[in-house]
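If you want the building blocks of each chain, they are given just below.
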Amino acid sequence: VQLVESGGGLVQPGGSLRLSCVASGFTFSSYPMSWYRQAPGKERELVARITNAGGVTNYADSVKGRFTISRDNAKNTVSLQMNSLKPEDTAVYYCKVTKGRVYWGQGTQVTVSS
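The paragraphs below set out a description of the structure included in this document.

Focus: the pattern of salt bridges
Taken as a whole, this structure holds four salt bridges when the rule is applied. Where D61 meets K64, a salt bridge forms, and the shortest distance between an N and an O atom there is 3.2 Å. Linked through salt bridges whose partners overlap, the residues forming this network are R37, E45, R66 and D89.

What follows is the structure, encoded as structure tokens:
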């Protein structure tokens, strides 16, 4: 199993970023996927999850209405569209899959600052 995130960067408050996670080594369309984040000095927290077919999504209260998780099973990709970004969204963002055990990507840094 391999998960590779991309799309992070530095953005001003109110801006947008789109993160992507490309998966390989397993049958992507069979597994729910999640995005987590970890800010400095804080525990890793769930941001959003999506079912294997993409029909059900869930979000942390802190990102509801601003972030959208989606997936393209033909491209083995799960994405996180982040709008109206705030400084408190600054963190390393990880995608995750549980297939027998938990697998994480290497993470992508998102920094929201003026």
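Now, onward.
Section: the packing of aromatic side chains
Taken as a whole and judged by the stated rule, the model has four aromatic pairs. Aromatic pair Y36 and W104: ring centres 5.0 Å apart, planes at 85°, arrangement edge-to-face. In this pair, Y36 sits in strand β4 (residues 33–38) while W104 sits in strand β10 (residues 101–104), placing the two residues 68 residues apart along the sequence. Here the aromatic cluster, defined as three or more aromatic residues joined through ring pairs, consists of F26, F28 and Y31. When the ring centre of Y94 is taken as origin, the NZ or CZ atom of R44, which lies over that ring, is 3.7 Å away. Over the face of the ring belonging to F28 we find R71, whose NZ or CZ atom lies 4.3 Å from the ring centre.

Concerning the nonpolar core
The biggest cluster of nonpolar side chains holds 29 residues, and the ones touching the most others in it are L3, W35, V78, L80, M82 and Y93. For this core, the secondary-structure elements that each account for two or more residues are β3 (17–24), β4, β5 (45–50), β7 (67–72), β8 (77–82), β9 (91–99) and β11 (108–112).

Details of the sheet that holds β8
Pairing within the open sheet is antiparallel, and its four strands lie in the order β1-β3-β8-β7. Strand pairing shows two members of the sheet lacking a second neighbour, β1 (2–6) and β7, which therefore form its edges. For this sheet, the mean inter-axis angle between neighbouring strands, taken without regard to orientation, is 15°. Pairing analysis gives six bridges linking β7 to β8, with the strands arranged antiparallel. Looking at β8, one finds that I69 is bridged to L80.

Here we look at the state of the cysteines
If you walk through the whole model with that rule in mind, you get one disulfide. A sulfur-sulfur distance of 2.0 Å marks the disulfide that ties C21 to C95. Between C21 and C95, the S-S torsion sits near 50°, and that sign places the bridge as right-handed. Residue C21 is located in strand β3, and its partner C95 is located in strand β9; the two are separated by 74 residues in the primary sequence. A residue is classified by how much of its surface remains accessible, and C21, at 0% relative accessible area, is buried. For C95, a relative accessible area of 0% corresponds to the buried category.

Examining the environment of Q109
Following the sequence through the fold, Q109 ends up in strand β11. Through-space distance from the C-alpha of Q109 to that of L10 is 8.3 Å; in sequence the pair is 99 residues apart. Those residues in contact with Q109, other than ones at most four positions away along the chain, are G8, G9, T90, A91 and V92. There is a polar contact of 3.4 Å between the side chain of Q109 and the backbone oxygen of A91. Here T111 takes part through its side chain, which lies 3.3 Å from a polar atom of the side chain of Q109.

Parameters and conventions
- Residues numbered from 1 in each chain as written.
- Predicted model: local features only at pLDDT ≥ 70, side-chain atom pairs only at ≥ 80, totals over all residues.
- Heavy atoms only, no water.
- Salt bridge = Lys/Arg side-chain N within 4 Å of Asp/Glu carboxyl O.
- Phe/Tyr/Trp six-rings, centres within 6.5 Å; stacked < 30°, edge-to-face > 60°.
- Helix = DSSP H or I, 4+ residues; strand = E, 2+ residues; numbered from the N terminus.
- Lys NZ or Arg CZ within 6 Å of the ring centre and 35° of its normal.
- Core = buried A, V, L, I, M, F, W, Y, C linked by side-chain atoms within 4.5 Å.
- Buried < 20%, exposed > 50% of the residue type's maximum accessible area, 1.4 Å probe, protein only.
- Pairing = 2+ DSSP bridges.
- Axes fitted to C-alpha atoms, helices over the stretch in contact; angles between N-to-C directions.
- Disulfide = S-S within 2.5 Å.
- Contact = heavy atoms within 4.5 Å.
- Polar contact = N/O pair within 3.5 Å; in protein donor to acceptor, adjacent residues only side chain to side chain.

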